[in-house]
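Commentary on secondary and tertiary structure
Each chain, letter by letter, is given below.
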Amino acid sequence: MLDVFTVSFFGHRILEEWKDREIEEVIKMLLIKYEYVEFLVGRSGDFDQLVSSTIRRVRREWGSNNSSHTLVLPYLTAEFKNNEEILSKYYSEIEFCEASINAHFKSAYQIRNREMVDRSNLIVCYLKNDFGGVYQTIKYAEKLGKRIINVAMK
């Protein structure tokens, strides 16, 4: 049976600085250390785009046999409907979080984030603020005792 190590990424919509080298180091370390790595990402801003492009680049350079790059959406978005074919080629998999599909849109992202944290072995984040959705998600992860790497502090 395949041993899967799951990693979720959370960060601010707008980044003060790009931490692509730090993210790349984490991704490479995980691919070396674990038999199979499942990377869970969103698609809501600068950090998500940076992470996804870095995952794609590293998987292209190193091979993608021991990892997957999964987009986790809180519900069926207009962006997905309008770009399903392109997005399906960009990510290994696309999931819709069942717990947040019917939630109010203002709470759907937090519900989705908590579901991602629940299934993750590691959280990689870009957190500089002590407020907002990323902050709430990281506080939840801390409460569960999840291992967290904050690339904003590197």
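This text goes with the structure placed above it.
Summary of the structure given here. (Residues numbered from 1 in each chain as written. Predicted model: local features only at pLDDT ≥ 70, side-chain atom pairs only at ≥ 80, totals over all residues. Heavy atoms only, no water.)

**Thoughts on the environment of Ala108**
Structurally, Ala108 can be placed in helix α4 (residues 105–118). Each C-alpha atom, one on Ala108 and one on Pro74, is 5.7 Å from the other, the two residues being 34 residues apart in sequence. Contacts of Ala108, omitting those with residues within four sequence positions, involve Pro74, Tyr75, Ser100 and Ala103. (Helix = DSSP H or I, 4+ residues; strand = E, 2+ residues; numbered from the N terminus. Contact = heavy atoms within 4.5 Å.)

**Quick look at helix α2 (residues 46–62)**
With 17 residues, α2 extends 24 Å from end C-alpha to end C-alpha; this agrees with the ideal 24 Å at 1.5 Å per step. When α2 is considered as a whole, its buried residues turn out to be Phe47, Asp48, Leu50, Val51, Ser52, Thr54, Ile55, Val58 and Arg59. Contacts from the buried residues of α2 go to β1 (4–11), α1 (20–33), β2 (36–41), β3 (67–73), α3 (78–90) and β5 (122–126). In the segment just after α2, Gly63 is the residue with positive phi, at about 95 degrees. (Expected span 1.5 Å × (residues − 1). Buried < 20%, exposed > 50% of the residue type's maximum accessible area, 1.4 Å probe, protein only.)

**A short note on the packing of aromatic side chains**
Summed over all chains, the structure comprises six aromatic pairs. Between the aromatic rings of Phe80 and Phe96, the centroid separation amounts to 5.1 Å while the plane-to-plane angle is 85 degrees, which identifies the pairing as edge-to-face. Placement of Phe80 in helix α3 and of Phe96 in strand β4 (residues 93–96) is noted, with a sequence separation of 16 residues between them. Under the relative-accessibility criterion, Phe80 is labelled buried at 7%. Overall, Phe96 belongs to the partly exposed group, its relative accessible area being 27%. (Phe/Tyr/Trp six-rings, centres within 6.5 Å; stacked < 30°, edge-to-face > 60°.)

**Some remarks on the pattern of salt bridges**
Counted under the stated rule, the structure contains 11 salt bridges. Notably, a salt bridge pairs Lys128 with Glu17, separated by 3.1 Å at the nearest N-O pair. Separated by 111 residues along the polypeptide, Lys128 in the loop between β5 and α5 (133–143) and Glu17 in the loop between β1 and α1 bring together distant segments of the chain. Salt bridges linked by common partners bring Glu16, Glu17, Lys19, Glu22 and Lys128 together as one network. (Salt bridge = Lys/Arg side-chain N within 4 Å of Asp/Glu carboxyl O.)

**A short note on the environment of Tyr34**
The residue Tyr34 is located in the loop between α1 and β2 in this model. As a C-alpha pair, Tyr34 and Phe131 span 97 residues in sequence and 33 Å in three-dimensional space. Not counting chain neighbours up to four residues away, the residues in contact with Tyr34 comprise Phe5 and Asn66.

**Thoughts on the nonpolar core**
Ranked by size, the top nonpolar core spans 29 residues in total, and within it Val7, Phe9, Ile27, Leu30, Phe39 and Phe47 carry the most contacts. Listing elements by their share of this core, those giving two or more residues are β1, α1, β2, α2, β3, α3 and β5. Grouped together as the second largest cluster of nonpolar side chains are 13 residues, Val72, Met116, Cys125 and Tyr140 included. (Core = buried A, V, L, I, M, F, W, Y, C linked by side-chain atoms within 4.5 Å.)

As far as function goes, none of this settles anything; it's purely spatial.
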